[in-house]
Amino acid sequence: MDDQTLDCLIIGGGPAGLTAAIYLARFHLDIMVVDGGKSRASWIPCSHNHAGFPDGISGKELLQRMRDQACKYGAKIETEFVTKLEKDAETGLFSATWGSGSATARTVLVATGVTNRRPPMDEELHDDALARGLVRYCPICDGYEVTDKRVGVVGSDHHGVAEALFIRSYTADVTLIAPDKSLRLSAEDQGKLKDAGIECVDGPAQAVAITGNCIVVDTAEGHYSFDSIYPALGSDTHTQLAEMVGADLANDSCVKVDSHQRTSVAGLYAAGDVVIGLDQISHAMGEGGVAATTIRNDLGAQRKLWREATGELLDAENGS
Ligand SMILES: Cc1cc2nc3c(=O)[nH]c(=O)nc-3n(C[C@H](O)[C@H](O)[C@H](O)COP(=O)(O)OP(=O)(O)OC[C@H]3O[C@@H](n4cnc5c(N)ncnc54)[C@H](O)[C@@H]3O)c2cc1C
């Protein structure tokens, strides 16, 4: 193995990947983060449920702090999108390729996250509404902020129903809106919505404008105005790189891992939203820490990670 071989290549620089980077760099390992720059955390205008920040923190600031912390201990971070991952059957080494470069690594941590599906609306309007809390994606994160407000949930089927019912514990004014066509719900779901006093509106629906502090949604049943809407349209999990080297997926299309974040492929680990679990910063960070420690210990089982004695120590031992 040449000196250029990384101990670990981390693909994805969100809370999971960056936490792992901080740990691994502080384990004195040679690592690199390659990040596409689209962390879901970067969408967060201000998180109020992340422990340790009583006045909240923006996702961008949190990510910058984590990047600074990782770099302080020697992590290298590239802003690039990895397009290919391979594993050499003979050496067991991984090679990854991206636009302007490539790397070889003994281990790889996949922390590539998920992307939420957006509701039907103009992109500029979406980004403005997201920044102002008029579009929200995560009731576990920010349901508290819509307490006693008018909330629309854009979604159909069981997923939309579950999200609307979850939000009902924050406010009595919840409307479930079908994104594309009429709502088609089971009798059981209809009963639950009726019991909770949740209004149901048929689509097609489109968020069309911001007026004052509200977002206006056009539906098949007329205009509706909300303090916030929650798209409940599911998400796409970025499992492609893990699949390229043969990692098993769990039923719901997330990367399958054991309790130490090991995938089914030796030397390949996964953490954060790309793995099944609570899609939250705290969970992603926790898994990043577990993955990093497992990687360190697995590498330590293959070769001694002992540090060379420094000149001062040798001098002290020689009594000079
Ligand atoms: C609007 C919104 C608000 C939220 N609010 C909160 C909150 O208040 N509290 C909370 O705990 N959670 C919140 N979340 C959830 C939180 O953002 C995620 O759970 C967290 O970011 C997951 O971290 P991660 O590292 O797994 O993935 P991500 O943060 O999504 O990072 C994954 C990274 O991998 C990169 N990547 C993907 N594929 C590749 C590739 N092939 N090559 C290189 N890089 C790649 C992406 O570009 C991205 O930068 C919110 C989410 C959203 C969308």
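Residues numbered from 1 in each chain as written. Predicted model: local features only at pLDDT ≥ 70, side-chain atom pairs only at ≥ 80, totals over all residues. Heavy atoms only, no water.

Caption draft 1: Local environment of the sheet that holds strand β12 (residues 214-219). Taken in spatial order, the three strands line up as β11-β12-β13 in an open sheet, and their pairing is antiparallel. Every interior strand has two partners, whereas the edge strands, β11 (206-211) and β13 (222-226), have only one. Between one strand axis and the next, the sheet turns by 30 degrees as a mean value, whatever way the strands run. With five bridges joining them, β11 and β12 adopt antiparallel strand pairing. The residue bridging Gln 206 from the neighbouring strand is Asp 218, located in β12. Of the strands in this sheet, β11 and β12 touch helix α3 (residues 123-131), which is tilted by about 55 degrees from β11. (Pairing = 2+ DSSP bridges. Helix = DSSP H or I, 4+ residues; strand = E, 2+ residues; numbered from the N terminus. Axes fitted to C-alpha atoms, helices over the stretch in contact; angles between N-to-C directions. Contact = heavy atoms within 4.5 Å.)

Caption draft 2: Seen up close, helix α1 (residues 15-26). With twelve residues, α1 should cover 16 Å at 1.5 Å per step; its first-to-last C-alpha distance of 17 Å lies within 8% of that length. Burial in α1 covers these residues: Pro 15, Ala 16, Gly 17, Leu 18, Thr 19, Ala 20, Ala 21, Ile 22, Leu 24 and Ala 25. Contact partners of the buried residues in α1: β1 (6-11), β2 (31-35), α2 (59-72), β3 (76-79), β6 (101-110) and α8 (281-302). Looking one or two residues past α1, His 28 carries a phi angle of roughly 65 degrees, positive in sign. (Expected span 1.5 Å × (residues − 1). Buried < 20%, exposed > 50% of the residue type's maximum accessible area, 1.4 Å probe, protein only.)

Caption draft 3: Highlighting the site of the ligand. Inspection of the region around the ligand gives 34 residues, with Asp 35, Ser 39, Ser 47, Asn 49 and Ile 281 positioned closest. Contact distances for the ligand include 3.0 Å between an oxygen atom and a backbone N or O atom of Arg 40. Interatomic distance of 2.8 Å between a backbone N/O atom of Ile 281 and an oxygen atom of the ligand. Protein coverage of the free-state accessible area of the ligand, which is 1,000 Å², stands at 97%. Listed by contribution, the elements that provide at least two residues to the shell around the ligand are α1, β2 and α8. Residue composition of the shell around the ligand, grouped by class: 15 nonpolar, 13 polar and six charged. (Near = heavy atom within 4 Å. Polar contact = N/O pair within 3.5 Å; in protein donor to acceptor, adjacent residues only side chain to side chain. Areas by Shrake-Rupley, 256 points an atom, 1.4 Å probe, with all protein chains shown as cover. Nonpolar A, V, L, I, M, F, W, Y, C, P; charged D, E, K, R; others polar.)

Caption draft 4: Representation of the nonpolar core within the structure. Residues Cys 8, Ile 10, Leu 24, Ile 31, Leu 109 and Ile 295 are the most contacted members of the largest nonpolar core, which totals 30 residues. Apart from residues lying up to four places away in sequence, Ile 31 is in contact with Leu 6, Cys 8, Ile 10, Ala 21, Leu 24, Ala 25, Ala 75 and Lys 76. (Core = buried A, V, L, I, M, F, W, Y, C linked by side-chain atoms within 4.5 Å.)

Caption draft 5: Spotlight on unusual backbone geometry. Between Gly 203 and Pro 204 the backbone carries a cis peptide bond, its omega angle lying at 10 degrees. Although it is not a glycine, His 28 adopts a positive phi angle of roughly 65 degrees. Within the secondary structure, His 28 is located in the loop between α1 and β2. Judged by its relative accessible area of 56%, His 28 falls in the exposed class. In this model, Asp 148 sits at a positive phi of 60 degrees, which is unusual for a non-glycine residue.

Caption draft 6: A look at the side chain of Thr 219. Counting through the fold element by element, Thr 219 comes out in strand β12. A polar atom in the side chain of Thr 219 sits 2.9 Å from the backbone nitrogen of Glu 221. Contact partners of Thr 219, with chain neighbours within four places excluded, come to Ile 177, Val 201, Asp 202, Pro 204, Ala 205 and Tyr 224.

Caption draft 7: Region of interest: the side chain of Glu 287. With respect to the secondary-structure elements, Glu 287 resides in helix α8. It turns out Glu 287 is buried and unbridged, and the closest side chain with the opposite charge, Arg 40, is 11 Å from it. Excluding residues that lie within four positions of it along the chain, Glu 287 makes contacts with Gln 261, Ala 271, Gly 272, Val 275 and Ile 276. (Lys, Arg positive; Asp, Glu negative; His and termini not counted. Salt bridge = Lys/Arg side-chain N within 4 Å of Asp/Glu carboxyl O.)

Caption draft 8: Representation of the pattern of salt bridges in the model. Under the criterion given, the structure shown has 13 salt bridges. Of the charged contacts in the structure, one is a salt bridge between Asp 227 and Arg 150, with a shortest N-O distance of 3.6 Å. With Asp 227 in the loop between β13 and β14 (228-231) and Arg 150 in the loop between α4 (139-142) and β8 (151-154), the pair connects residues that are 77 residues apart, well separated along the chain. Residue classification places Arg 150 among the partly exposed positions, given a relative accessible area of 32%. The residue Asp 298 makes a salt bridge to Arg 262 at a minimum N-O spacing of 3.0 Å. Of the two residues, Asp 298 is situated in helix α8 and Arg 262 in the loop between α7 (240-244) and β16 (268-270); the sequence distance between them amounts to 36 residues. Judged by relative accessible area, Asp 298 falls into the buried class, the value being 18%. One connected set of salt bridges, linked through shared partners, spans Asp 7, Arg 106 and Arg 303.

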